[in-house]
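Observations on chain architecture
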Amino acid sequence: MKLARVILLLLCFYLSLCKDKGEKQKKKLQKKTELTLTSDLSGENLVEKKCLAEKYTHLSCNKVFCQPWQKCIDGICMCKLPYQCPKNGTMVCSTNRRTYPTYCQQKSFECLRPEAKFLNSGECTSEGQFTVSLKYGNTESEGIVEVKLVDQDKKMFICRKSWSMTQANVACLDLGFQQGALGTKGRFNIPGDLRTNSTECLNVHCRGLETSLAECTFTSAPAHSYQGLAGVVCYTPNAVAPTNDDAFHCVNGKHIPQKKACDGINDCGDQSDELCCKGCQGKSFFCKSGVCIPNQYKCNGEVDCITGEDEIGCENNLKGAGPPENEGLLRANQEETEILTADMDAERKWMKSFLPKLSCGVKNSTHIRRKRVVGGKPAQVGDFPWQVAIKEGDKINCGGIYIGACWVLTAAHCVRTSKMHRYQIWTSLLDWLRPNSELVIQSAKQIIIHENYDGSTYQNDIALIELRARTNQRRCSLPHSIPACVPWSPYLFGPNDKCIVSGWGREKDNQKVYSLKWGEVHLIDNCSRFYPGRYFEKEMECAGTVDGSIDACKGDSGGPLVCMDVNNVTYVWGVVSWGENCGKPEFPGVYTKVANYFDWISHHVGRSLISQHNV
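Now for a description of the structure that goes with this document. If you're wondering where the values come from, they're calculated on a predicted model, not measured in any experiment.

**Considering the overall build of the protein chain**
Scanning the protein chain for helices and strands turns up ten helices and 29 strands. Of the contacts formed within the protein chain by residues at least 6 apart in sequence, a portion of 61% connects residues at least 24 apart.

**Observations concerning the packing of aromatic side chains**
Between two aromatic rings, the relevant description is the distance of the centres plus the angle of the planes. If you walk through the whole model with that rule in mind, you get 13 aromatic pairs. Here the aromatic rings of Phe 130 and Phe 218 are separated by 6.2 Å at their centres, their planes lie at 50°, and the arrangement is tilted. Of the two residues, Phe 130 sits in the loop between strand S5 (118-121) and strand S6 (131-135) while Phe 218 sits in strand S11 (residues 217-224), which places them 88 residues apart along the sequence. When its relative accessible area of 11% is taken as the criterion, Phe 130 is described as buried.

**Quick look at the nonpolar core**
Of all hydrophobic cores here, the largest spans 72 residues; its most connected members are Ile 403, Leu 409, Leu 464, Ile 465, Leu 561 and Ile 601. The residues contacting Leu 409, other than those within four sequence positions of it, are Gly 400, Ile 401, Ile 403, Ile 462, Ala 463, Leu 464, Gly 558, Val 575, Val 594 and Ile 601. Formed by 39 residues, the second largest nonpolar core is a distinct cluster that contains Leu 119, Leu 149, Ala 181 and Ala 214.

**What to know about the state of the cysteines**
Under the defined criterion, the tally for this structure stands at 19 disulfides. Bridging Cys 406 to Cys 476, the disulfide has an S-S length of 2.1 Å. The chirality of the disulfide connecting Cys 406 with Cys 476 is left-handed, given an S-S dihedral of about -120°. Within this pair, whereas Cys 406 is found in the loop between strand S19 (395-404) and strand S20 (407-410), its partner Cys 476 is found in the loop between strand S23 (463-467) and strand S24 (498-503), the two being separated by 70 residues in sequence. For the residue pair Cys 406 and Cys 476, the accessibility class agrees, reading buried in each case.

**Quick word on the sheet that holds S5**
Across the sheet, three strands lie side by side as S4-S3-S5; this open sheet has antiparallel pairing. Each edge of the sheet is formed by a strand with only one pairing partner; in this case those strands are strand S4 (99-100) and S5. Two elements, strand S3 (residues 92-94) and S4, share two bridges in a ladder whose sense is antiparallel. Directly across from Cys 93, in S4, lies its bridge partner Thr 99.

**Let's talk about helix H5 (residues 165-174)**
The element H5 is largely enclosed, with a buried count of eight among its ten residues. Of the residues making up H5, those classed as buried are Met 165, Gln 167, Ala 168, Asn 169, Val 170, Ala 171, Cys 172 and Asp 174. Packing partners of the buried residues in H5 comprise S6, strand S9 (181-183), strand S10 (199-205) and strand S12 (231-234). Of the residues trailing H5, Gly 176 is marked for its positive phi of about 100°.

**Notes on the environment of Thr 57**
Tracing the backbone through its elements, the reader meets Thr 57 in the loop between helix H3 (49-52) and strand S1 (70-73). Here Thr 57 falls in the buried class, since its relative accessible area comes to 12%. Setting aside residues no more than four positions away along its own chain, Thr 57 makes contact with Val 64, Val 251, Asp 270 and Leu 275.

**Here's the deal with the pattern of salt bridges**
Evaluation of the coordinates by the stated rule reveals 15 salt bridges. Close ionic contact of Lys 154 with Glu 200 constitutes a salt bridge, the shortest N to O distance being 3.7 Å. Here Glu 200 lies in strand S10 and Lys 154 lies in the loop between strand S7 (142-148) and strand S8 (156-158), a separation of 46 residues in the sequence. On the accessibility criterion, Lys 154 (48% relative accessible area) is partly exposed. Here Glu 200 falls in the partly exposed class, since its relative accessible area comes to 39%. Salt bridges sharing partners connect three or more residues here, namely Arg 207, Glu 302, Asp 304, Asp 345, Arg 348 and Lys 352.

**Things to note about the sheet that holds S19**
In spatial order, the strands read S18-S19-S20-S23-S22-S21; together these six strands close into a barrel with antiparallel pairing. If you compare each strand with its neighbour and ignore which way they point, the axes differ by 40° on average. Bridge count between S19 and S20: three bridges; the pairing is antiparallel. Looking at S20, one finds that Tyr 402 is bridged to Val 408. Helix H9 (residues 598-605) contacts S19, S20, strand S22 (440-449) and S23 of the sheet and is inclined by roughly 25° relative to S23.

**A few points about the side chain of Glu 392**
Assignment of secondary structure puts Glu 392 in strand S18 (residues 387-392). Look at Glu 392 and you get buried, because its relative accessible area is 14%. Side-chain polar atoms of Glu 392 contact the side chain of Arg 422, separated by 3.4 Å. The residues contacting Glu 392, other than those within four sequence positions of it, are Asn 397, Lys 419, Arg 422 and Tyr 423.

**Overview of a nonpolar patch on the surface**
Taken together, the side chains of Ile 73, Ile 76 and Met 78 present a nonpolar region at the surface, about 230 Å² in accessible area. One can find Ile 76 in strand S2 (residues 76-79). Ile 76 gets classed as partly exposed once you look at its relative accessible area, which sits at 36%.

**Some remarks on the pairing of strand S25 (residues 517-524)**
The buried fraction of S25 is high, at six of eight residues. The pairing of S25 with strand S26 (residues 540-544) spans three bridges and is classified as antiparallel. Following the sheet pairing, His 522 is matched in S26 by Gly 544.

**A word on H9**
Owing to its 3.6 residues per turn, the α-helix aligns residues three or four sequence positions apart on the same side. All of the buried residues in H9 are Phe 598, Trp 600, Ile 601, Ser 602 and Val 605. Contacts from the buried residues of H9 go to S19, S20, S22, S23 and helix H10 (607-610).

**Thoughts on the pairing of strand S28 (residues 570-578)**
Counting buried residues in S28 gives nine out of nine residues, a clear majority hidden from the surface. Sheet topology places strand S27 (residues 560-564) next to S28; five bridges connect them, and they run antiparallel. Bridging from a neighbouring strand, Cys 563 pairs with Tyr 571 of S28. What sits between S27 and S28 in their antiparallel hairpin is a turn of five residues, with Asn 568 showing a positive phi close to 65°. The sheet contact formed by S28 and strand S29 (residues 589-593) spans four bridges and is antiparallel. Within S29, the position partnered with Val 575 by the bridge is Thr 592.

Rules behind the numbers
- Residues numbered from 1 in each chain as written.
- Predicted model: local features only at pLDDT ≥ 70, side-chain atom pairs only at ≥ 80, totals over all residues.
- Heavy atoms only, no water.
- Helix = DSSP H or I, 4+ residues; strand = E, 2+ residues; numbered from the N terminus.
- Contact = heavy atoms within 4.5 Å.
- Phe/Tyr/Trp six-rings, centres within 6.5 Å; stacked < 30°, edge-to-face > 60°.
- Buried < 20%, exposed > 50% of the residue type's maximum accessible area, 1.4 Å probe, protein only.
- Core = buried A, V, L, I, M, F, W, Y, C linked by side-chain atoms within 4.5 Å.
- Disulfide = S-S within 2.5 Å.
- Pairing = 2+ DSSP bridges.
- Salt bridge = Lys/Arg side-chain N within 4 Å of Asp/Glu carboxyl O.
- Axes fitted to C-alpha atoms, helices over the stretch in contact; angles between N-to-C directions.
- Polar contact = N/O pair within 3.5 Å; in protein donor to acceptor, adjacent residues only side chain to side chain.
- Patch = residues over 30% accessible without salt bridge, like charges linked within 9 Å, V, L, I, M, F, W, Y side chains within 5 Å.
- Areas by Shrake-Rupley, 256 points an atom, 1.4 Å probe, with all protein chains shown as cover.

These figures capture arrangement, not role.
In structure tokens, the structure reads:
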């Protein structure tokens, strides 16, 4: 008995040692993994090479928001005409000595004629000129930065404390160096009196979007020694650049070290080093659209990620703030320094609040979407207020998506212009054997099929239906319908995101379905492996589940694949197009990628109807 007890104690002791050893090995492995991950966080490893081929910059509205003086056309932020700007704002003066009623109008004019830059806030007067120059450098492209503010008599240096590549790029651009700055450090020929005496300097805050330092916000600062003054080396074609093996090639032709990519700092000057990232390094925030932004942009009251997550969970942000002077006072109190110039960045943010807003993708229903993956479940009233049915004869052949006003989106293979008079568009329908009281039946006024639709490959499988107003009505009326938002960027959602497909399509065993059903699926990357030679990545999206239990099927064509963003806004991400072997693994459903057709849709229905961004 004693021997058995001793053996048991020894066994417990041994197991304890093994457990401790196992825990140590586990921690060691975990630490090793963390070290490996840390070592992989280099600019080169974080850059998405495929994305780089698109040559995205700060003007690419697939990746960034356009400014209030710009609008998005074919994926590029283009100049607005001045009269298209919001009418509210502060009067400003331009370097062409012209007074503009708003900052937006001046920036719009500058966008069209770059020589007319911002000079100062307020009316133009005969005196006052902003200047920026470089002193004590060995060449014209480098030196200590000196400025003269419009309402100041003397020139002053800028403090190094507030100086970074963001400010340096703006300064060099202001001086005519189109590729911005090479760096903020150099060997400058500082005179003896400046070395021995302290000198007053200015702090400056820039966003990086400015074309002149005059647009940045200047504040007074205590005296500094020459070592506390800001310097810059502007980028020139013969600048000493990294070797090709260690170089990141900016879209503007500038070369920067690979390690500076995806760190939230706009080293390129055109932001191309921060727009194709798989992750972020340093003090930066990763947007799921593949963009790295500075950490201080999170919860700053302005949505900087096009996917919106930088303003989620923020308690003390500046949303809903009043005119820009309020923010300027706040910043002045925080820094305990005197603001010497107008805060045009706050003005820009304030102007954005006057841009048109859309009401789409947000349900009135209190029904909460189920969190678990379920398929083939009947919909309830108000679940999918953008879902429509296209009925021909005595049966529903296809679905569609209501996108606002009198417009419905569907698949090109679902409709024919010659049959337009035969189609009925049923909205707010749940069960077509037992129609519910919310049902509204409309006829088609016109059908627009994509001009490049290919019925053999299903490329460009997209069409629009304009609904006809009923008798005694000026326009179509859909009282129980809510439009789904139309995505303007293909980066709003990505692989593994959860989305919902819905429709009246057949079940896997080819059984008919009479009630609207829905299922939750995941977006799938690289669908060419399932459909080699038939899947076109730019025009198509695919989605499904690992076991194939949830899928679109015959009769669901033209219906919606909708995805919800972090703000619970629903976008029609795909139109049910084609697939094989409904509900079987490794045969995901294929959808027309709606974001690829944003310009085509807006051309026909009007941009203001579907766009709440980059208008």
